[in-house]
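Descriptive analysis of the structure
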Amino acid sequence: MEQACAKQDSVCNLVAVFENSRSPGAAPGPHSFEDQPHSPEHQLPLSPEPWEAPPAGEALTSEFRPVSRTYLNSLKNKLSSGAWRKSCQPGASPGPETQEPEEKRVVQELLETEQAYVARLHLLDQVFFQELLREASRSKAFPEDVVKLIFSNISSIYRFHAQFFLPELQRRVDDWTATPRIGDVIQKLAPFLKMYSEYVKNFERAAELLATWMDKSQPFQEVVTRIQRSEASGSLTLQHHMLEPVQRIPRYELLLKEYVQKLPAQAPDLEDAQRALDMIFSAAQHSNAAIAEMERLQGLWDVYQRLGLEDDIVDPSNTLLREGPVLKISFRRSDPMERYLVLFNNMLLYCVPRVLQVGAQFQVRTRIDVAGMKVRELTDAEFPHSFLVSGKQRTLELQARSREEMVSWIQPQAEELGLRAPQWVRDKMVTMCMRCQEPFNALTRRRHHCRACGYVVCAKCSDYRAELKYDGNRPNRVCLTCYTFLTGNLLPDSKEDKRRGILEKETSAGPDQSVVCSFLQLMGDKSIRSIPRSWCVIPRDDPLVLYVYAAPQDMKAHTSIPLLGYQVTSGPQGDPRVFQLQQSGQQYTFKAESVELQGRWVRAIKRAASGWTPEGPDEEDMSD
């Protein structure tokens with residue numbers, strides 16, 4: 001009993017120590033670890049590697065594996081899936097008579113990873129931190145306060161794990177038969193989780209300071225590089241090692257989850273282990289957020305370096321939304337020119353490739369502010385998948401490599417829905433609701449805009465309200481589709497499986513989705529007398545039918561013509577732009593905008609009338 005009380009008192013003393021000494025580099029207090037006696041079992045068998053200068057003739061800037069976006073992304077995936085765990089080798093487990101309980105194997109793995117973690121903390125605190133402090137004190141080439149800010153409270157974290165948690169865990173594993181439990185030990189870790197909150201909160205600033213002083217101070221860089229070249233560092237950068245405390249708490253969470261799952265229902269440690277898992281959960285959330293933020297910043301700086309941006313453009317608060325190659329359409333040249341777009345939350349950078357890629361790969365030619373910028377699709381026979389970017393600095397006609405790429409540039413991304421004001425589809429581009437396909441009229445079905453996606457919709461389809469972040473989370477009129485996405489609520493009407501009518505086929509405006517498409521004038525049709533021309537399409541997925549739309553963005557055709565058996569003839573009056581379709585007394589007269597376009601339509605309709613269908617997307621394209 002006295003021994004248990006003594007242990008409890010020692011834990012309370014440790015809590016008091018860390019409460020009184022949390023700032024990095026603080027002077028030892030009256031109850032600091034240096035003043036406390038330690039038993040031999042609390043001393044780690046860890047000796048620092050020799051940090052000798054590299055042999056003469058060798059450069060200090062050897063190749064290290066930097067903290068890349070790929071590494072950080074895989075790190076998040078591993079932490080969330082448990083893929084970082086060691087896999088069991090076939091045949092390595094003992095026989096059924098001597099096989100250890102599954103929960104004991106999880107505890108053994110916890111011990112082994114804790115030993116490796118303490119070794120990494122030793123490298124950070126006793127080697128990197130202390131060496132840099134000594135160099136700062138000796139040469140005055142960089143401030144000691146900068147070093148303390150970079151390493152935050154790593155000394156407190158190291159002492160806690162090396163002198164308390166690891167020895168306690170080791171004793172429990174050694175005495176597992178008599179005391180098969182670790183939940184109470186991990187609960188003792190809970191008061192010290194605030195140390196990790198402080199470290200994680202400081203992590204972004206520490207990474208920025210490290211990058212700054214690696215460029216700014218040669219002595220600083222030499223110390224870090226010399227240690228990184230050592231065998232103990234494993235050719236990893238200081239940034240990699242600094243990530244270890246950030247990812248340690250999520251590892252505790254994963255191991256504890258498995259431990260609780262493996263425990264028998266009546267295990268004496270079940271209640272304590274579950275309580276310990278609950279304590280660690282919130283701290284793990286902070287660590288995951290820090291990894292995600294590090295990934296975002298690393299990706300941002302990668303883009304800045306490739307573009308060679310000026311200081312007035314570089315801003316860590318920016319958000320990279322999209323980047324990729326495009327072609328610039330020029331009226332002075334017949335062939336488009338290669339360009340590169342980088343879209344941030346506040347600006348679009350229009351870049352040209354550098355001929356000599358020394359340093360930056362691209363040169364920023366124009367910066368267009370996102371505020372007030374308009375983007376819309378262009379219908380151009382010569383340049384398919386083209387779109388227009390219009391801003392107050394410049395207007396650009398660009399061409400994507402596919403329709404999918406073009407759509408990704410001009411339409412708001414689902415994950416951005418509600419975060420920024422959308423570009424509204426112009427009223428005159430549609431004659432019917434873009435959701436229910438019912439035609440608009442001035443009295444009973446008027447036009448409205450969804451404030452989330454910008455679609456033109458009728459009152460029935462926009463009779464919903466959702467909070468939009470770009471408008472201060474105030475409720476706004478939205479369409480049913482956006483309402484469902486933004487709120488997660490499914491309305492009864494949205495669950496109905498309505499059969500689509502024969503004319504409810506979206507326009508295949510792109511040449512890659514149609515055999516032929518362009519504007520044609522349908523002459524002599526009284527139902528569309530007020531429309532000067534119609535958008536006509538023979539889709540690739542329905543190549544024997546001609547669909548006639550009032551506008552390119554309409555979701556429903558007002559006329560469809562099955563082309564099998566139709567005869568195609570030149571129009572009356574000898575106009576070479578006119579052609580007619582005839583079958584069993586039915587007749588349609590069309591007028592193209594050019595003789596060449598009329599010829600393409602006649603060839604396409606003759607093929608469809610004979611039953612010909614394209615076998616693949618690479619068949620001859622006749623679209624305008």
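Residues numbered from 1 in each chain as written. Predicted model: local features only at pLDDT ≥ 70, side-chain atom pairs only at ≥ 80, totals over all residues. Heavy atoms only, no water.

Within the structure shown, the criterion is met by 13 aromatic pairs. Taken together, a centroid distance of 5.9 Å and an interplanar angle of 75° make the contact between phenylalanine 165 and tyrosine 252 edge-to-face. In this pair, phenylalanine 165 is assigned in helix H5 (residues 154-174) and tyrosine 252 in helix H9 (residues 238-262), connecting sequence segments 87 residues apart. Accessibility assignment for this pair places phenylalanine 165 and tyrosine 252 in one class, buried. In this arrangement the basic side chain of lysine 216 is found over the ring face of tryptophan 213, its NZ or CZ atom lying 4.6 Å from the centre. Sitting over the face of the ring of tryptophan 612, arginine 607 holds its NZ or CZ atom 4.7 Å from the ring centroid. (Phe/Tyr/Trp six-rings, centres within 6.5 Å; stacked < 30°, edge-to-face > 60°. Helix = DSSP H or I, 4+ residues; strand = E, 2+ residues; numbered from the N terminus. Buried < 20%, exposed > 50% of the residue type's maximum accessible area, 1.4 Å probe, protein only. Lys NZ or Arg CZ within 6 Å of the ring centre and 35° of its normal.)

Let us look at the sheet that holds strand S16 (residues 567-570). For sheets, the rule is that strands pair by backbone hydrogen bonds, running either parallel or antiparallel. If you trace the seven strands from one edge of the open sheet to the other, you get S15-S14-S13-S12-S18-S17-S16, paired in antiparallel fashion. The open sheet has two free edges, formed respectively by strand S15 (559-562) and S16, since each of these has just one partner strand. Across this sheet, the average inter-strand angle for adjacent strands is 35°, counted without regard to direction. Note: strand S14 (residues 545-549) against S15, four bridges, orientation antiparallel. Across the sheet, residue tyrosine 547 finds its bridge partner in S15, namely serine 560. Packed on one face of the sheet, helix H13 (residues 595-609) meets strand S12 (514-523), strand S13 (534-539), S14, S16 and strand S17 (578-583) and runs near 115° to S12. (Pairing = 2+ DSSP bridges. Axes fitted to C-alpha atoms, helices over the stretch in contact; angles between N-to-C directions. Contact = heavy atoms within 4.5 Å.)

This paragraph deals with the pattern of salt bridges. One pass over the structure, following the stated rule, counts 21 salt bridges. Salt-bridge contacts for glutamate 131 lead to arginine 226; the nearest nitrogen and oxygen are separated by 3.3 Å. Here the residue glutamate 131 occupies a position in helix H3 (residues 102-139), and arginine 226 occupies one in helix H8 (residues 218-228), the gap between them amounting to 95 residues. Judged on exposure class, the residue glutamate 131 and its partner arginine 226 are both buried. Across the salt bridge formed by aspartate 272 and arginine 181, the nearest N and O atoms sit 2.6 Å from each other. With aspartate 272 in helix H10 (residues 270-307) and arginine 181 in the loop between H5 and helix H6 (183-187), this residue pair connects regions lying 91 residues apart in the sequence. (Salt bridge = Lys/Arg side-chain N within 4 Å of Asp/Glu carboxyl O.)

Now for the side chain of serine 233. Structurally, serine 233 can be placed in the loop between H8 and H9. Of the polar contacts made by the side chain of serine 233, one reaches the backbone oxygen of leucine 236; its length is 3.0 Å. There is a polar contact of 2.9 Å between the side chain of serine 233 and the side chain of histidine 241. Not counting chain neighbours up to four residues away, the residues in contact with serine 233 comprise Leu123, Phe128, Ile227, Gln228 and His241. (Polar contact = N/O pair within 3.5 Å; in protein donor to acceptor, adjacent residues only side chain to side chain.)

Now for H8. Among the residues of H8, those classed as buried are Phe220, Val223, Val224, Thr225, Arg226, Ile227 and Gln228. The N-cap of H8, judged by a side-chain oxygen 3.3 Å from the amide nitrogen of phenylalanine 220 a few residues on, is serine 217.

One finds Phe151, Phe165, Phe220, Met242 and Tyr259 to be the most contacted residues of the largest nonpolar core, which totals 67 residues. Broken down by element, this core gets its largest block of residues, 15 residues, from H3. Leu520, Val568, Leu581 and Ile605 belong to the second-largest nonpolar core, a separate cluster that totals 23 residues. (Core = buried A, V, L, I, M, F, W, Y, C linked by side-chain atoms within 4.5 Å.)

Moving on, we get to the sheet that holds strand S7 (residues 395-399). The seven strands are arranged S4-S3-S2-S1-S7-S6-S5 in an open sheet whose pairing can be described as antiparallel. Strand pairing shows two members of the sheet lacking a second neighbour, strand S4 (362-369) and strand S5 (374-377), which therefore form its edges. Put simply, the sheet's adjacent strands are angled 30° from each other on average, direction ignored. Sheet topology note: the strand S3 (residues 347-353)/S4 ladder contains seven bridges and is antiparallel. Of the residues in S4, the one forming a bridge with proline 353 is phenylalanine 362.

What follows deals with unusual backbone geometry. One non-glycine residue, histidine 385, lies in positive phi territory at about 60°. With respect to the element layout, histidine 385 can be found in the loop between S5 and strand S6 (386-390). Positioned with a positive phi, asparagine 473 is a non-glycine residue whose angle comes to about 60°. Here asparagine 473 lies in the loop between strand S10 (464-468) and strand S11 (474-478).

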